[in-house]
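Here's the letter readout for the chains.
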2 protein chains.
Amino acid sequence: MEERKKQVLNAIIKDYIANAEPVGSRAVAKKYDLGVSPATIRNEMSDLEEEGYIEQPHTSAGRIPSAKGYRYFVDHLMQRERLTTAQLKAVRQAMRGRVDEMEDFMRSCCNMISQLTHYTALVAMPEQGRGTLENIQLVPVSDHQLLVVLLTSTGLIRHKLVDLPQEISWDELAGIESRMRRQLCGREIKTITYELLHDLLADYQLQEKISAQALELIEQTLSQEAGHKIFTGGVTNMLSQPEFHDIDKLKSMFSLIEEDDKLEKLLGAAAGGQLTVAIGGEIPVEGIEDCSMVVANYFVNGEKAGSIGVLGPTRLNYGRTVSMMEVIASELSKAISAKDDKNK
Amino acid sequence: MEERKKQVLNAIIKDYIANAEPVGSRAVAKKYDLGVSPATIRNEMSDLEEEGYIEQPHTSAGRIPSAKGYRYFVDHLMQRERLTTAQLKAVRQAMRGRVDEMEDFMRSCCNMISQLTHYTALVAMPEQGRGTLENIQLVPVSDHQLLVVLLTSTGLIRHKLVDLPQEISWDELAGIESRMRRQLCGREIKTITYELLHDLLADYQLQEKISAQALELIEQTLSQEAGHKIFTGGVTNMLSQPEFHDIDKLKSMFSLIEEDDKLEKLLGAAAGGQLTVAIGGEIPVEGIEDCSMVVANYFVNGEKAGSIGVLGPTRLNYGRTVSMMEVIASELSKAISAKDDKNK
DNA sequence: TGTTAGCACTCGATGAGGGAGAGTGCTATT
DNA sequence: AATAGCACTCTCCCTCATCGAGTGCTAACA
């Protein structure tokens, strides 16, 4: 694409992001001095429209960026915005909380993100399949119930109640516990399977006491499937965006946010690299075609642990948001990794 | 109040609840045959307005109920609506879930309530100050960290990480644990105070090891202050209500729902009895004057354990909602109490 | 005395008409 | 290739008239 055309596209998108109103040739010529007249810009705009980067809501209005236009902008034109010191401070502040109680910690991260970006924040807890098992504890609750408590190196604590088919004595339980602890602690969690547990307790008597069903439950607790918890914050922010003054759009967005599996799909967008931008139809969920997302992964000791993201209108301030998410994800990685090390 | 005036008020409120539009004298006369002409009804309406039970949005419109009108309706006129068998089934269905994982259980209750009522549901977890302590477990995490796991008779499981000022050996820990267990298990949780813990571990050596700060943390975990978790569900339902087509109203409602302490205040409305209806300004939180709430308490073995509620427009279907909340609260009480017994 | 019919009046909602203004596309000019 | 000029097309907004629902009042009626 020729340089000037890029500049025009850039100007249109920047202006539209700032003002949420169609941008005319005159405005481009005035505010972003490209050294040419509105007429020239009109010609460029005409070309850009033909190529699908911008569109016209109606004949006598200015142009607005299309999804393709935003995509080009994000890929080639967007400039990252440095965070102000105040913003950086806010990020660090949120990270200072006790990382111990992972849930509270992530929740406050979520709030911080929504406040900083002014969009809706989505935060996924660290996947528990990552890291190693630090400790396992079996607590008898009653004759037929057992509480399994797990600690992982990623700082996660999980518990689950397990129904037992038979009574089990204190001694037996202690035996099982120490055996499990010996065999499982220090192991990578994802390598712990039903078969492993089964073999571990292959001893006939123990097998019978614990039963296949209970073993399965324990494995579930261990495996990552169990707790894919996702927090949301700052949905209120959306109400200030002019594009969501339409109640129907709001509805489709809110109903999405109330469904956990859809949320998971959303954050799944950042499959590959560190940070992904999904624009309009690129979002892997139906019904929010007018939205964009910025999703970043965070890492614990080099391994992907979870994702954080924001959801906003396609008229998202990509430059600012991407910078923020990069910084936040990296700080988050640091904070959790540090905690991880401290535990060892 | 004279019988006919009651009937007129009743008709107006019923109609307004159904249609969300000002009700005229003609409509009352036609749909709810009181055997009198519109003119007579107009006179009654004029009286009702003078007494403050209804108001007129503008001169040439029908009447809408005022907060005072709704209050009179709820106190004197409202008829409970029997739940259909399908609705009852839905309630029981939600209760069938594993009561073990209290959090998941309450969350699904929350969804059920919002789906059934078509309003926004608020559900508070059982207060953990209630009931007795069933079991306590201290799990060493690292040299200087300790995981405290608690089980209560109300089926709640709580854990908290505690920083220790000094290393503590396995044996010492086991000693502390068994001592705590001996002294605390079976006790009512609200009777467990910092002083008690302090005395319990009065032994000089142990004191030093565990430190005041850690004790405080343990007490916090035990006391009810810690986990007043409140779930919300079905906020989307509000978007369908015509009164919330106004974005500003939506905003004030949503921002409220995102603040936990405000939510707590809301559910606190049901201070006394089984079920409370708060209309408009009666709601104990600013900023949602156009809303009403129905809050019910649920009980575990006769003691108040928590609250459930719905939030909707003042034009709430009180009859239907009150019946539903009564049934749900009583089923919930049963379900949790049953679980409680099973644990003993 | 309570009820009703009739009627004038009020006021929001609806829709048509008519600038004003913004922005475009085309054409002729530099 | 870039620009200035110009006619044209929209939307937006204001005004105005009409319509109709609903009231309040008064007078008649049982």
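Residues numbered from 1 in each chain as written. Chains lettered and ligands numbered in written order. Predicted model: local features only at pLDDT ≥ 70, side-chain atom pairs only at ≥ 80, totals over all residues. Heavy atoms only, no water.

Engineer: Please explain the overall build of chain A as it appears in this structure.
Structural biologist: Scanning chain A from terminus to terminus reveals 13 helices and 10 strands. Computed over its C-alpha atoms, the radius of gyration of chain A comes to 26 Å, more than 25% above the 20 Å expected for a compact globule of 344 residues. Its C-alpha atoms give chain A principal-axis dimensions of roughly 90 × 40 × 35 Å. Here chain A, with 344 residues, has 53% of them falling under the buried criterion. In chain A, once contacts between residues fewer than 6 apart in sequence are set aside, the share between residues at least 24 apart is 60%. For chain A, the exposed surface amounts to about 15,100 Å²; the carbon and sulfur share of it is 46%. Of note, chain A has its 39 positive side-chain charges centred 8 Å away from the centre of its 50 negative side-chain charges. (Helix = DSSP H or I, 4+ residues; strand = E, 2+ residues; numbered from the N terminus. Rg over C-alpha atoms; globule rule 2.2 N^0.38 Å. Buried < 20%, exposed > 50% of the residue type's maximum accessible area, 1.4 Å probe, protein only. Contact = heavy atoms within 4.5 Å. Areas by Shrake-Rupley, 256 points an atom, 1.4 Å probe, with all protein chains shown as cover. Lys, Arg positive; Asp, Glu negative; His and termini not counted. Charge placed at Lys NZ, Arg CZ, Asp CG, Glu CD.)

Engineer: I'm lost on the sheet that holds strand β3 (residues 120-124) of chain A in this one. Help?
Structural biologist: Working definition: the strands of a sheet are paired by backbone hydrogen bonds and lie parallel or antiparallel to each other. Residues and elements named next belong to chain A. Spatially, the 5 strands line up as an open sheet ordered β7-β3-β10-β9-β8, and their pairing is antiparallel. Among the strands making up the open sheet, the edge pair consists of β7 (230-233) and β8 (275-279). Adjacent strand axes in the sheet meet at a mean angle of 15 degrees when their direction is disregarded. Direction of pairing for strand β9 (residues 291-300) relative to strand β10 (residues 303-313): antiparallel, over a ladder of 10 bridges. Note that in β10 the partner of Val-295 across the bridge is Gly-309. (Pairing = 2+ DSSP bridges. Axes fitted to C-alpha atoms, helices over the stretch in contact; angles between N-to-C directions.)

Engineer: Just to check I follow, could you spell out the side chain of Arg-315 of chain A for this structure?
Structural biologist: Relative to the helices and strands, Arg-315 of chain A is located in the loop between β10 and α13 (318-343). Setting aside chain neighbours within four positions, we find Arg-315 of chain A in contact with Tyr-16, Ile-17, Ala-20, Tyr-70, Tyr-119, Gln-241, Pro-242 and Glu-243 of chain A.

Engineer: I would appreciate a short explanation of the interface of chain A and chain B in the present structure.
Structural biologist: How big an interface is tends to be stated in terms of the accessible area lost upon association of its parts. The interface is formed by 42 residues belonging to chain A together with 42 residues belonging to chain B. The largest contributions to the chain A side of the interface with chain B come from His-159, Leu-161 and Ile-247 of chain A, which together make up 14% of the buried area. At the junction of chain A with chain B, the criterion picks out 0 salt bridges. At the level of secondary structure, the elements contributing two or more residues to the side of chain A that touches chain B comprise α6 (102-117), β4 (133-142), β5 (145-152), β6 (157-163), α7 (170-184), α10 (235-240), α11 (247-257) and α13 of chain A. Per element, the largest residue contribution to the side of chain A that touches chain B is 7 residues, and it comes from β4 of chain A. Broken down by class, the residue content of the side of chain A that touches chain B amounts to 16 nonpolar, 13 polar and 13 charged. (Buried area = accessible area lost by both parts, 1.4 Å probe. Salt bridge = Lys/Arg side-chain N within 4 Å of Asp/Glu carboxyl O. Nonpolar A, V, L, I, M, F, W, Y, C, P; charged D, E, K, R; others polar.)

Engineer: What should I look at first to understand the domain arrangement of chain A in this one?
Structural biologist: Residues and elements named next belong to chain A. Splitting chain A by domain gives domain 1 (3-77), domain 2 (85-125 + 229-342) and domain 3 (133-222). Computed from C-alpha coordinates alone, the two centres of domain 1 and domain 2 are separated by 29 Å. If you look at the interface, domain 1 gives 8 residues, while domain 2 gives 10 residues. Taking both partners together, domain 1 and domain 2 bury about 800 Å²; carbon and sulfur atoms supply 69% of that area. Counting the contacts that link domain 1 with domain 2 gives 1 salt bridge. We note a salt bridge from Arg-71 to Glu-282, for which the minimum N-O separation is 2.5 Å. The interface formed by domain 1 and domain 2 includes 3 residue pairs in polar contact (both at pLDDT 80 or more). When contributions to the side of domain 1 that touches domain 2 are tallied by element, the ones reaching two or more residues are α1 (3-19) and α4 (67-77). When residues in the side of domain 1 that touches domain 2 are grouped by element, the largest group, 5 residues, is from α4. Within the side of domain 1 that touches domain 2, the residues separate by chemical class into 7 nonpolar, no polar and 1 charged. (Domains from an automatic or database assignment. Polar contact = N/O pair within 3.5 Å; in protein donor to acceptor, adjacent residues only side chain to side chain.)

Engineer: Would you explain the packing of aromatic side chains in this entry?
Structural biologist: What characterises a pair of aromatic rings is the spacing of the ring centres plus the angle enclosed by the ring planes. On inspection of all chains with the given rule, the structure shows 5 aromatic pairs over all chains. Here the aromatic rings of Phe-254 of chain A and Phe-254 of chain B are separated by 4.7 Å at their centres, their planes lie at 5 degrees, and the arrangement is stacked. Highlighted residues: Phe-254 of chain A in helix α11 and Phe-254 of chain B in helix α11 (residues 247-257), drawn from two different chains. Phe-254 of chain A gets classed as buried once you look at its relative accessible area, which sits at 2%. Lying across the ring of Tyr-53 of chain B, Lys-68 of chain B places its NZ or CZ 4.7 Å from the centre. (Phe/Tyr/Trp six-rings, centres within 6.5 Å; stacked < 30°, edge-to-face > 60°. Lys NZ or Arg CZ within 6 Å of the ring centre and 35° of its normal.)

Engineer: What should I look at first to understand the protein's contact with DNA strand D in this one?
Structural biologist: Close to DNA strand D lie 21 residues, the nearest being Arg-4, Ser-37, Thr-40 and Ser-60 of chain A together with Ser-25 of chain B. Of all DNA strand D atoms lying within 4 Å of any protein atom, the proportion belonging to sugar or phosphate reaches 74%. Arg-4 of chain A has a polar side-chain atom sitting 2.9 Å from a phosphate oxygen of DNA strand D. Counting residues per element, the surface near DNA strand D draws most heavily on helix α3 (residues 38-50) of chain A, at 4 residues. (Near = heavy atom within 4 Å.)

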